[in-house]
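What the coordinates show
What follows is each chain in one-letter form.
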Amino acid sequence: MKNIAEELKNKKNKAKLAGGLKRLESQHAKGKLSARERIEVFADKNTFIEYDMFVEHRSSDFGMEKNKIPGDGVVTGTCKVNGRPVMIYSQDFTVYGGSLSEAHAEKICKILDQAMKIGCPVIGLNDSGGARIQEGVASLGGYAEVFQRNVLASGFIPQISLIMGPCAGGAVYSPAITDFIFMVEDSSYMFVTGPDVVKTVTHESVSAEELGGAGSHTKKSGVADLAFSDDLTLLKQARRMIDFLPLSNEDKPPKRFTNDPIDRKSYNLDTLIPSNANNPYDIKELVFTLVDEEDFFEIQPNFAQNIVIGFARIAGSTVGIIANQPMVLAGCLDIDSSCKGARFVRFCDSFNIPLVTLVDVPGFLPGTVQEYGGIIKHGAKLLYAFAEATVPKVTLITRKAYGGAYDVMASKHLRGDVNFAWPTAEIAVMGAKGAVEIIFRGSNEKEIEKQTDQYQEKFSNPFVAASRGYLDDIITPSNTRYRIASALELLKTKKLTNPKKKHGNIPL
Amino acid sequence: MFKKILIANRGEIACRIASTCKKMGIKTVGIYSDADRKSKHLKFMNEAYNIGPAESSKSYLNIEKIIKVAKLAKVDAVHPGYGFLSENSEFCLALNKSKIKFIGPSVEAIKSMGDKIISKKIAKKAGVNIIPGTKGAIKDLKGAIEASNKIGFPVMIKASAGGGGKGMRVAYNLEELKSGFQSAKNEAKNSFGDDRVFVEKFIEGPRHIEIQILADNFGNVIYLGERECSVQRRHQKVIEECPSPLVDEEMRKKMGEQAMRLAKAVNYSSAGTVEFVASNDKSFYFLEMNTRLQVEHPVTEMVTGIDIVENMINIAANKSLKITQNDIKLNGWSLEARVYAEDPIRNFAPSIGRVKTFIPPKTDNEVVRLDSGVEEGGEISMYYDPMIAKLITHGNDRKEACSKLSEALDSFVIKGLNTNISFVNSVITNDKFRSGNITTAFLDQEYPKGYDGSSKDTERKYLIALAAMSIEAIENRRNNLENNASLYNKLITVINTDIYEFEYKILSARESSEHKLSIKFENKIFNIIVNWHYGSSILNILFNGHNYIMQILRELSGYNIKHAGFDLSVIVQTEPELSLSKLIPVKENLNSSKILISPMPGRVVKVCVAEGQEIAQGDDLIILDAMKMENILKAEKDTKVQKIKVKEEDTVFVDQELIEFE
């Protein structure tokens, strides 16, 4: 009996020692914490319960049978985040470079399976050199087992990937399927093929950081949602985001106590829209003023900045915000912003998070780049996402809502539940000048100018749309918070289901 | 009495004048440029007229248009405020011609006092102290010695053609005069091609002290004590006070009487200010006279109880002064802080834009007064003076006025743009300032490297650490659905290299806004109360029987806290976070060295480098125009320009990426 206890202690110590002190120091020198240290920081104090500490790989090739470390390069288990349960796995770069073996994959799968049973989020901390090459196809199979579970869990439980080291090759597809990807600046990267292969195949010389660093993925590719300067900040912010999310699609979004009155007047909004309709303004001022305590968790702040998305709370309950940003490309919808917005809308709809849509959109971005890039299909994604969403949808048009983009942005016609406009709203097929130039083609300049004024007077206001019932009310900007909060309160009991089907066919 | 007055100004002063008009039952007419369509001052007016484009030369300085509006609106008089047309004799003449009263002195007084040479001559004749010096250039060393002996050391040798400190030497004795005279002459010759120099008295530790006067059309002149405005940055006044810590009853009387003599010498009528440079030995010399309402007039009003604007209007309406010199009593102490839209931490770069949040301190006009021309949703535009507000407090003595001002500044929340609030608070809480021993060199001496958001007060720093920890604890408890309140938890505040380890237990309920905490720190246990609404920008912390006000803003890994001159980013960590953060090397900031970001909003005037160009540290990279000031952005290190992301005439936002380096 004593022997077993002794052995247990030894094994535990060996597992905790992981790749050894030297590797641990080298991990730290790179600015990275170890797998266990990360969990310690991430989890509520003393809540982490580890699974499968004694799992070892089963490889017997290339001398691997003599080289076994309990845990096999990934720490898995469950812990709490502000009192709520999550399942977690954290790859350990100090053990075989965090590479994925069959056993390693099985540990991750167990976590995913467990999360599906309980209905709680899965947090994956990725720090892995890739497949365990010694194991060959067994390792590949392991990846696919993980992917399959990620896909089945999608829309059922929130899945968050924290890229805190390398993540290359096949390994990238698990995070890609999950809902959110956070990266650490300078010490993490993601790519399908690394710089060496790129060099051999295309002769393109590029650094790992440039190819797949946090900057590239949060600004250029949009693969990652947020980048943070170091492990600690990333883990803290991941906790903050989890506080906004329900545990599963069967759970309601969490409600947090607040002192921020729902009828707080915001007089700054009365002057937000510039006198000149062509001047930009920062829609984020509206977002921050509208939500509780100016607390807005923005997603993808540096990618497709012409649309702003993120989580916030109104009257304590989580909402998803989607807003056109007039500061960037005049707020036009393009390929990137449509995809960004669509994916966020679908996340919120999956997890019962009401949508608050703020509209100031002059249309879709014109040009060959957009058309050749398939803006038709990509723009349709956003339309599809809004149209299929059954969560409460509150929409506010602040200024421009032109053309097809008006329809797309959670309009009444796409089952918008409560649609508001500010007095500065202009709902029209297009800008007055463009419209008149078509209607009165061939007329002289003076006539065009006169007709433009008339068109402006007739359509550059919210009354036409309101008279048709496309808008439920025209509201005073300073009163926006109260009106939106009241609408959301009313919609708490909204019940709407889409026709039963296997799944829709979103234009991917 | 006037029935209707046009206020030919904008911003806080237009609001302030309109308030007095309202009190006096006079209707007001406002004017506004295109940039001011939604400005606060218009809400104070009975009528308002647009007078043209944003540029002040085309609007607020456009005499023709303003006169047109004055006639159209049928006003009896015009109050010019300060700045713009307030000391413009042309404007005054044009009004006279149109039979509209100018609320201010006569054309002659404006003209003569507006000329530096003439005003000095008149002052001298009226028996006002003038800085002793030679009238013209000095031929040789002998002449210099003679003159210096007559003036009395220390003296300053100045180039006649001078400017910018070139050809200037201070001499405390004969020896220094001998060497200084020649080198000043040489330098003058090299710099200006003109080696003429003159000698004048050197004022040591100069202080800026001015006398407020009121004069009517019937020869009555009174002075309303002095104001000291020695705390200046680039000749811009930052803090003003009444009375001056230097001036005693005797000196006040001397200065006041000289100011009155000068006013009488030019038949002055209206409010005016005679500026002096004073030395610690209580000697003082005439600088100039301002023939208008001064920005800093409220401190005089707070101490004397006299409404200066009301008197100006009465005087212009040809009424005689109701008060005599004997009625003037200086009651207590008043200080004024000018709140500007600028970024003191970034070398006072201008900060323009929308005022998204404007939460003023509690005002009662007796202890705390706020004169502001901006409100929530208002805008500080690049076209005009970036002053947001004047915050004025009153106390029984200087110390009390200072602490009231500091508290009021702590509870003054402005978001959307940067302000100098923390900086002026650091001045107010500065020991040297508190001692009253201030000179016009105060800011240069106390902030030789500028303002970095820190302060020396270690006790306040500890309080900031305590407050940040408390907020984190309160937030953690709110977010956590499970709460074990019976145990002490540990949180650590890190401020730069200082580490404060606290243990805490929250005693109050989650829903309360009066958070009671039991704190263990360095083996002491004590209770504090933090008054804070979740998410609020302001917190009150009751510690050791004192209430402290702080401003708090959530950041990625901690908080920004502003308090008593501190403007700090503090990090709050758990034990594991602290111990693990020590294992990781501190990251060098790669971003800033590889990218030039715009420190301020503005317009690109010139791009001085080209892509691919090798540059050395200190090279000019981009010239930005902001607030009509050209700002040169220089290279921080030797590198190569990879990509230029802006072109000339582009408008750029703060933090916009301008140039990428290799």
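Residues numbered from 1 in each chain as written. Chains lettered and ligands numbered in written order. Predicted model: local features only at pLDDT ≥ 70, side-chain atom pairs only at ≥ 80, totals over all residues. Heavy atoms only, no water.

1. Considerations on the overall build of chain B
Looking only at helices and strands, chain B has 17 helices and 38 strands in total. Over its C-alpha atoms chain B spans a radius of gyration of 28 Å, differing by no more than 12% from the 26 Å that the globule rule assigns to 662 residues. Principal-axis analysis of the C-alpha atoms gives chain B an extent of 80 × 65 × 50 Å. Within chain B, buried positions represent 54% of all 662 residues. For chain B, long-range pairs separated by at least 24 residues make up 62% of all intrachain contacts whose partners lie at least 6 apart in sequence. For chain B, the exposed surface amounts to about 29,500 Å²; the carbon and sulfur share of it is 48%. Charge centroids of chain B, computed over 91 positive and 87 negative side chains, lie 5 Å from each other. (Helix = DSSP H or I, 4+ residues; strand = E, 2+ residues; numbered from the N terminus. Rg over C-alpha atoms; globule rule 2.2 N^0.38 Å. Buried < 20%, exposed > 50% of the residue type's maximum accessible area, 1.4 Å probe, protein only. Contact = heavy atoms within 4.5 Å. Areas by Shrake-Rupley, 256 points an atom, 1.4 Å probe, with all protein chains shown as cover. Lys, Arg positive; Asp, Glu negative; His and termini not counted. Charge placed at Lys NZ, Arg CZ, Asp CG, Glu CD.)

2. Some thoughts on the nonpolar core
Residue and element names in this part refer to chain A. Phe42, Leu162, Phe182 and Phe311 are the most contacted members of the largest nonpolar core, which has 66 residues in total. The greatest single-element share of this core, amounting to 6 residues, is contributed by helix H10 (residues 231-242). When we break this core down by domain, the ones giving at least three residues each are domain 1 (2-242) and domain 2 (267-425 + 462-493). Excluding residues that lie within four positions of it along the chain, Phe182 makes contacts with Ser161, Leu162, Ile163, Leu226, Phe228, Leu234, Gln237, Ala238, Met241 and Phe297. (Core = buried A, V, L, I, M, F, W, Y, C linked by side-chain atoms within 4.5 Å. Domains from an automatic or database assignment.)

3. A look at the domain arrangement of chain B
For chain B, the assigned domains are domain 1 (4-103), domain 2 (132-201), domain 3 (208-229 + 248-446), domain 4 (458-581) and domain 5 (595-661). Just the C-alpha atoms count here: the centres of domain 1 of chain B and domain 4 of chain B sit 50 Å apart.

4. Thoughts on the sheet that holds strand S6 (residues 155-159) of chain B
Residues and elements named next belong to chain B. Strand order in this open sheet of 3 strands is S7-S6-S8, and the pairing throughout is antiparallel. Two strands in the sheet have a free side with no partner beyond their single neighbour: strand S7 (169-171) and strand S8 (197-201). Sheet twist, expressed as the average angle between the axes of neighbouring strands with direction ignored, equals 25°. In terms of strand pairing, S6 meets S7 through 3 bridges, oriented antiparallel. Its bridge partner being in S7, Val155 is matched across the sheet by Ala171. The strands that helix H6 (residues 141-151) touches are S6 and S8; relative to S8, the one it contacts most, it runs at about 15°. (Pairing = 2+ DSSP bridges. Axes fitted to C-alpha atoms, helices over the stretch in contact; angles between N-to-C directions.)

5. Quick word on the sheet that holds strand S3 (residues 47-50) of chain B
Two strands in a sheet stick together by hydrogen bonds in their backbones, pointing the same way (parallel) or opposite ways (antiparallel). Residues and elements named next belong to chain B. Judged by pairing direction, the sheet is parallel, and its 5 strands sit side by side in the order S3-S2-S1-S4-S5 without closing on themselves. For this open sheet the edge positions go to S3 and strand S5 (101-102), each flanked by a neighbour on one side alone. As paired strands, strand S4 (residues 77-79) and S5 are joined by 2 bridges and run parallel to one another. Bridge pairing in S5 links Val78 to Phe102. The sheet strands contacting helix H1 (residues 11-24) are strand S1 (4-7), strand S2 (27-32) and S4, and the helix crosses S1 at an angle near 170°.

6. Quick notes on the side chain of A:Ser101
Residue and element names in this part refer to chain A. Mapping Ser101 onto the fold places it in the loop between strand S3 (84-91) and helix H4 (102-118). A distance of 2.3 Å separates polar atoms of two side chains, one belonging to Ser101 and the other to Asp72. Looking at Ser101, its side chain comes within polar contact range of the main-chain nitrogen of His104, at 3.0 Å. Sequence-distant contacts of Ser101, defined by excluding residues within four places in its chain, comprise His57, Asp72, Arg132 and Glu135. (Polar contact = N/O pair within 3.5 Å; in protein donor to acceptor, adjacent residues only side chain to side chain.)

7. A few points about the interface of chain A and chain B
Counting residues at the interface gives 39 residues for chain A, matched by 37 residues for chain B. Across the chain A to chain B interface the summed buried area is about 3,300 Å²; carbon plus sulfur atoms make up 52%. Per-residue buried area on chain A facing chain B is highest for A:Lys236, A:Phe257 and A:Asn259; these three make up 18% of the total on that side. For B:Glu472, the salt bridge is made with A:Lys236, and the minimal N-O distance between the two is 3.5 Å. For the interface between chain A and chain B, the tally reads 15 residue pairs in polar contact (both at pLDDT 80 or more). Looking at the side of chain A that touches chain B, the elements with two or more residues in it are helix H2 (21-29), helix H3 (35-42) and H10 of chain A. When residues of the side of chain A that touches chain B are assigned to their parent elements, the largest contribution, 4 residues, is made by H10(A). (Buried area = accessible area lost by both parts, 1.4 Å probe. Salt bridge = Lys/Arg side-chain N within 4 Å of Asp/Glu carboxyl O.)

8. Concerning the environment of B:Lys3
All names here are of chain B. Mapped onto the secondary structure, Lys3 falls in the segment before S1. Sequence separation between Lys3 and Asp452 is 449 residues, and the spatial gap between their C-alpha atoms is 51 Å. Setting aside residues no more than four positions away along its own chain, Lys3 makes contact with Ile26, Lys27 and Asp76.

9. As for the packing of aromatic side chains
A complete count under the given rule lists 35 aromatic pairs over all chains for this structure. Look at A:Phe311 and A:Phe347: their rings are 5.8 Å apart centre to centre, the planes differ by 70°, and that puts the pair in the edge-to-face class. Highlighted residues: A:Phe311 in strand S11 (residues 307-314) and A:Phe347 in helix H12 (residues 335-350), separated in sequence by 36 residues. The class of A:Phe311 is buried, set by a relative accessible area of 0%. On the accessibility criterion, A:Phe347 (5% relative accessible area) is buried. Both rings, one in B:Phe423 and one in B:Tyr451, keep their centres 5.5 Å apart while their planes meet at 65°; by these two values the pair is edge-to-face. Taken together, the residues span a long stretch of sequence, with B:Phe423 in helix H12 (residues 421-428) and B:Tyr451 in the loop between helix H14 (442-446) and helix H15 (458-479) at a distance of 28 residues. B:Tyr451 carries the same exposure label as B:Phe423, and that label is buried. Ring-pair connections join several aromatic residues into one group, and the members of that group are A:Phe180, A:Phe182, A:Phe228, A:Phe244, A:Phe297, A:Phe311, A:Phe344, A:Phe347 and A:Phe351. (Phe/Tyr/Trp six-rings, centres within 6.5 Å; stacked < 30°, edge-to-face > 60°.)

10. Details of the packing of helix H16 (residues 432-439) of chain A against helix H17 (residues 445-459) of chain A
Residue and element names in this part refer to chain A. Axis separation between H16 and H17 bottoms out at 9 Å; the angle between their running directions is 125°. Between H16 and H17, the interaxial angle falls into the category oblique. Helix-helix and strand crossings are classified by hand; for H16 and H17 the assignment is right-handed. Taken together, the residues of H17 that come into contact with H16 (itself represented by Ala432, Lys433, Ala435, Val436, Glu437 and Ile439) are Ile448, Gln451, Thr452, Tyr455 and Gln456. A breakdown of the residues in the contact of H16 with H17 according to their chemical character gives 6 nonpolar, 3 polar and 2 charged. (Parallel < 35°, antiparallel > 145°, perpendicular 65-115°, else oblique. Left-handed = near helix turned anticlockwise from the far one by under 90°. Nonpolar A, V, L, I, M, F, W, Y, C, P; charged D, E, K, R; others polar.)

11. So, the pattern of salt bridges
The full count for this structure, using the stated rule, is 66 salt bridges over all chains. Taken together, the shared-partner salt bridges connect A:Arg240, A:Arg256, A:Glu293, A:Asp295, A:Arg313, B:Glu475 and B:Arg478 into one network.

12. Describing the pairing of strand S38 (residues 657-661) of chain B
Residue and element names in this part refer to chain B. With 3 bridges joining them, strand S31 (residues 595-597) and S38 adopt antiparallel strand pairing. In the sheet register, Ile595 faces S38, and the bridge partner there is Glu660. Bridge count for strand S36 (residues 639-644) against S38 is 3 bridges, and the pairing is antiparallel. Across the sheet, the residue bridging to Lys643 is Glu660, located in S38.

13. Side note on a negative patch on the surface
A contiguous patch of negative charge, built from A:Glu445, A:Glu449, A:Asp453 and A:Glu457, is present on the exposed surface. On the basis of relative accessible area, A:Glu457 is assigned to the exposed category, the value being 68%. (Patch = residues over 30% accessible without salt bridge, like charges linked within 9 Å, V, L, I, M, F, W, Y side chains within 5 Å.)

14. Topic: the environment of B:Ile222
Residues and elements named next belong to chain B. As for its placement among the helices and strands, Ile222 is situated in strand S10 (residues 221-233). Separated by 133 residues in sequence, Ile222 and Val355 have C-alpha atoms that sit 40 Å apart. The residues touching Ile222, leaving out its near neighbours within four places in the chain, are Gln212, Ile213, Leu214, Met260, Leu321, Ile323, Thr324, Gln325 and Ile328.

15. Let's talk about the confidence of the model for chain B
Residues of chain B with pLDDT of at least 70 account for 97%, and the chain-wide mean is 92. Two summary scores accompany this predicted model of the complex, namely pTM at 0.90 and ipTM at 0.92. (pLDDT = per-residue confidence, 0-100.)

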